[in-house]
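# Descriptive analysis of the structure
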Amino acid sequence: MELAGILIVPLLASGFALLPVGRRFAAPVTLVASAIVLGLAVAVAAEAARTGQVAASGEWLTCDGLGALVLLLVAFVGFTAALFSWGYIAESVKHGRRKSIQLYYALYNLFVLSMLSVPLLANVALMWIAVELTTLLSAFLVGFEDTPEALEAAWKYVVLTTLGAVLALLGFLILYWGSRVAGLEPFTWVGLVEAAPRMPPALLWPAFLFILVGFGTKVGLVPMHTWLPDAHSQAPASICALLSGVETTTVLYVILRLFPVVGVAPGLDARPWFIGFGLLSVAIATLLFIHVRDFKRMFAFSTVEHMGIILVAAGLGGADAHLGAAYQMTGHAIAKSFCFFAAGVTVLGVGTQEIAAVRGLVRTSPLAAIALLVGGFAIAGAPPFAVFVSEFVILKAGLASGQYLVVTLLAVLVVIAFCAVMFHVNRMVFGVPEHEIRAVTVPRSCKVTLALAAIPLVIIGIYVPAPLYDLLKAAATAMGG
Amino acid sequence: MNNSPVLFALDALTGALFLLTAIGVVATRQVLASLQLFILQSLLLALSAVLLGIAQGSIHLFAVAAITLATKTLLIPWLLRHTVSAEVYRTREIERVLNIPSSLLIAAVLIVLAYVVANPLLLGSVAVPFVQVNLPLGIAAMFLGAFTIAVRREAVPQLLGLLAVENGVFFAGVAIVPNLPVIAELAAAVDVPVITLVIGMLTRRIHARLGTTAVGQLASLREQ
């Protein structure tokens, strides 16, 4: 019941947002809908943490530990970003453009719906369509600000990620072929894990590679990442929070789902590929950090880095590393969405995304400065934030299983990335302002969002509540750990 | 299953023509000609689906053929005409990154590469004869479509390249999964027009805002 509700509520909200009843209607409707979805997602996650599996509507919608974790993260960022949108979009859209605000919220709800349905749909073919729709529904949100740069970013985003999705489609068709050879009828993840030992490796392996490269494009793995910093820096801040915080994670979830499938097949080993793509992504993102000039772009590179770390964690293998991967996904979604909210408030204040143009923010806009500082620390992985703990867990698990080379490389890169991020944030927050910056009033909904989003950000690094810990455990189990 | 050699020969002929249209999309210089080649390619895809449907007695493949005809030969040209302004079609010469002879040379390399990629799947011996034709040719068409996106600077030819990649996947798909679930067929029916609609409307906005559709020349966003 809850699972169906999670899909129906955003659909209704999307329809309501288009009703011609004034420009102030769509935002609260979206906020209420996303609050209901968050409530339902918490209920689903609690059940998944307790039992490891939530089943509704039998064969169409299911949700296990890993799915419930992704669902919860999407619902959470969907809620905070809706709250942030209220003030931010009203501020950045000129008066009188009621239609474009309505269109924004209609697409916003559909975009969130498509991400929510990825972990819920039991049929793998349907799930592919949901992933494809996340791109198509968010294309106009990426180009929402209608500047030449935003349209260019939207174009690259749609063409490259759709190309990746079509490549992955061939992988899924080969996977279906293999499951037919193995005598499997329903094309579900559970069924695939069962059928994998009987599938011909000659089919399973190319299917895995097509999906890894195809969906890896959408996750932003190097070298298929070129569209990501553009889209994640040109979209409105609320959309960036969704794109960077959870859209990438949602697609990575699909790749992680393949891990146990390939894992049980005799003679195949996906781990070197996970570690290779993961380390390459972390390394290139770290290099790009050093020369970055745009602070939203910096947070986008950080997403590439985090996706790489999660992939390495999955590749290291074992229950502990997988627990670290699940924890890292959680920490990333919460911290990265917070960073983009902070970046959005900063852009409202200073009117530019250039790092060099922002100095001494703490004097002109203390709220934005503190938010950027906290967000920067959280995403770079300083203690006591969740990303620090999860990276520590991952490195420790790698050492315990004797993979010293990978652990050393990862540790060095993570430390360099940390220094680079803190260097840039420090220059923006402190230092002497070069010229007078206009004082602006930050919309109230943006302030409330920052305050609300800061609560889990601060808490889960220090204290993981027992139900959340159980959920992370269940997610790690679903990854085959 | 009916493994008649006539059907097999017809499918091989369809496959050869299918590949030729993919090469044609790489080499052609005009937007309208690209669109016509894409429609022809979609017709050949539908024909292959019908041939395989007869050979394997699969009603699903007839549905795939019908959906392909309806969406790709009728709906997509109609959508493009109504979302993209006529001016875009009027730019007859497509700006391109590479000249045609070098493009064709690379296309030849890509076709060989497609056979290399498909080979391990064919050796698995789980493949029916039709897979031997459709899988490598489908992958070759995918590669050529992706290559088209890379060398074209105009928006509509890039979109047609993307749709050609999708055609390639389905050309392989009709052979490797003749009993695709109904739901996947419906999805394909929705997915392709939505891609066209979104990209078409984006093209229109880019054209309205920037006065050009040479998306390949947009390069304000890059690492310094």
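Residues numbered from 1 in each chain as written. Chains lettered and ligands numbered in written order. Predicted model: local features only at pLDDT ≥ 70, side-chain atom pairs only at ≥ 80, totals over all residues.

### Thoughts on the confidence of the model for chain A
When pLDDT is averaged along chain A, the result is 91, and 97% of the positions lie at 70 or above. When pLDDT is averaged over each helix and strand of chain A, the minimum, 74, is found for strand 1 (residues 53-56) of chain A and the maximum, 96, for helix 12 (residues 295-316) of chain A. (pLDDT = per-residue confidence, 0-100. Helix = DSSP H or I, 4+ residues; strand = E, 2+ residues; numbered from the N terminus.)

### A closer look at the packing of helix 2 (residues 31-56) of chain B against helix 3 (residues 59-83) of chain B
All names here are of chain B. Look at helix 2 against helix 3: their axes get within 8 Å of each other, and the N-to-C directions meet at 170 degrees. The angle between the axes of helix 2 and helix 3 places the two elements in the roughly antiparallel class. The segment helix 2 lies against helix 3, with L35, I39, S42, L43, L45, A46, A49, V50, L52 and G53 engaging L61, F62, V64, A65, T68, L69, K72, T73 and P77. In terms of residue class, the contact of helix 2 with helix 3 is made up of 14 nonpolar, four polar and one charged. (Axes fitted to C-alpha atoms, helices over the stretch in contact; angles between N-to-C directions. Parallel < 35°, antiparallel > 145°, perpendicular 65-115°, else oblique. Contact = placed C-beta atoms within 7 Å. Nonpolar A, V, L, I, M, F, W, Y, C, P; charged D, E, K, R; others polar.)

### Details of the interface of chain B and chain A
With 37 residues of chain B in contact, the opposing surface of chain A contributes 37 residues. Those elements that place two or more of their residues in the side of chain B that touches chain A are helix 5 (100-123), helix 6 (129-151), helix 7 (155-176) and helix 8 (182-210) of chain B. The element contributing the most residues to the side of chain B that touches chain A is helix 8 of chain B, with 13 residues. Broken down by class, the residue content of the side of chain B that touches chain A amounts to 27 nonpolar, five polar and five charged.

### Considerations on unusual backbone geometry
Residue and element names in this part refer to chain A. For the bond from V222 to P223, the omega torsion is 10 degrees, close enough to zero to count as cis. Within the fold, P223 resides in the loop between helix 8 (201-219) and helix 9 (228-234). A positive phi angle, close to 65 degrees, is found at D146, a residue other than glycine. Within the secondary structure, D146 is located in the loop between helix 5 (124-142) and helix 6 (148-181). We classify D146 as partly exposed; it has 14 C-beta atoms within 10 Å. (Buried ≥ 20, exposed ≤ 12 C-beta atoms within 10 Å, placed from the backbone.)

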